[in-house]
Amino acid sequence: MDIEELQTFVEVADAGGVSPAALRLGVSKSIVSRRLFRLEAELGVQLLARTTRGAALTEAGATFRDYAARVCAEIDVAKETILPAGDLRGRLRVAVPLSFGQTHFAPILAEMARRHPQLQIHTCYSDRFVDLITEGYDCAIRVGYLQDSNLIARRVGPLYGKLVASPDYIKAHGSPETPEELVAHEALMQGTEAWQLMDGDEIITVRPQGRFKADNGPALVAAAAAGLGIVYLPDCLTHEYIASGALVPVMTHYPPPPAAAYVIRPPGQHPARKIRVLTELLIEYCEPPPHLAPAPFR
């Protein structure tokens, strides 16, 4: 039984169709179809029911998919085991946040590609929530506070942030001093998220309101600099604006709790070596420089 046929079947099953699987694999749809035909002919059973919307697993296909996925994973581990020390091959699909991902994580991924010339790295930069399993990603880099899930997370570095606003906004609307006052101000947000603040050792959750929303950090920091409201963002996005005086910290007696950057991967006992190597590289590079480290609060 051809391992490529098994891998192709697993991709089609997870992607829900031939076209998205072909895109993931980097081959034509006709090649995917031929591999599926050969696999089904060899097994003598229909694994996929083709529809106008894609491909759905038959009962036999659903059972076989789990076995095929385990075989493919074991083959990948075996290949990695016999490779020369430090050598990586194959493909790594990773989802990265758009906000500061291009400036902070892209150089690290480029360094990984430089160190491992036989490794293909395919990166998606987006601030939307990426479903790793459904969309076929090996891992993702996520920042902030993690939600409960069945995914496996590894912390790779700290992430500090603060609430900031422009001097013009503060001159026009005042500077909030308490969480209760903050709710009355214009907040710049990605959606309807809640903000967490520290009152000593206690975490306070605030649900701000505002008319300006954007799906990425750079757009929000630009809106804050234009005087549209108060924004809560990582220091790596705001420190240059603060240094120039375009933004100033607010609510300094109620700082946000420290967050972190994480590598997230689907559940499984043994992460692929390419994910372990990426994680170690991120840990190496993600220690913040002195100008991004948190200042002591007085």
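Everything here concerns the structure above.
Residues numbered from 1 in each chain as written. Predicted model: local features only at pLDDT ≥ 70, side-chain atom pairs only at ≥ 80, totals over all residues. Heavy atoms only, no water.

Caption draft 1: Molecular detail of the packing of aromatic side chains. Taken as a whole, this structure holds two aromatic pairs when the rule is applied. Judged by centre distance (5.7 Å) and plane angle (45°), the ring pair of F9 and F64 falls under tilted. Placement of F9 in helix 1 (residues 3-15) and of F64 in helix 4 (residues 59-82) is noted, with a sequence separation of 55 residues between them. You'll find F9 and F64 in the same group, each marked buried. Considering the side-chain rings of W195 and Y232, the 6.0 Å spacing of their centres and the 80° angle between planes classify their relative orientation as edge-to-face. Here W195 is found in strand 9 (residues 195-199), whereas its partner Y232 is found in strand 12 (residues 230-234), with 37 residues between them in sequence. Using a relative accessible area of 18% as the deciding quantity, one classes Y232 as buried. Over the face of the ring belonging to Y67 we find R70, whose NZ or CZ atom lies 4.8 Å from the ring centre. Stacked on the ring of Y137, the Lys or Arg R93 has its end atom at 4.3 Å from the ring centre. (Phe/Tyr/Trp six-rings, centres within 6.5 Å; stacked < 30°, edge-to-face > 60°. Helix = DSSP H or I, 4+ residues; strand = E, 2+ residues; numbered from the N terminus. Buried < 20%, exposed > 50% of the residue type's maximum accessible area, 1.4 Å probe, protein only. Lys NZ or Arg CZ within 6 Å of the ring centre and 35° of its normal.)

Caption draft 2: The state of the cysteines, seen in detail. Scanning all chains against the criterion turns up zero disulfides. Free cysteine C72: the closest other cysteine sulfur is in C139, separated by 18 Å. Exposure remark for C72: the relative accessible area of 9% places this residue in the buried category. Free cysteine: C286, not disulfide-bonded; nearest cysteine sulfur from C236 at 9.8 Å. Under the relative-accessibility criterion, C286 is labelled buried at 16%. (Disulfide = S-S within 2.5 Å.)

Caption draft 3: Geometry of the sheet that holds strand 11 (residues 209-213). Across the sheet, five strands lie side by side as 11-8-12-7-13; this open sheet has mixed pairing. Strands at the two margins of the open sheet, each flanked by one partner only, are strand 11 and strand 13 (248-250). Strand-to-strand twist in this sheet, taken as the mean axis angle between neighbours without regard to direction, amounts to 45°. Sheet analysis places strand 8 (residues 186-189) next to strand 12, joined by two bridges and oriented parallel. From the neighbouring strand, L188 faces strand 12, where its bridge partner is V231. (Pairing = 2+ DSSP bridges. Axes fitted to C-alpha atoms, helices over the stretch in contact; angles between N-to-C directions.)

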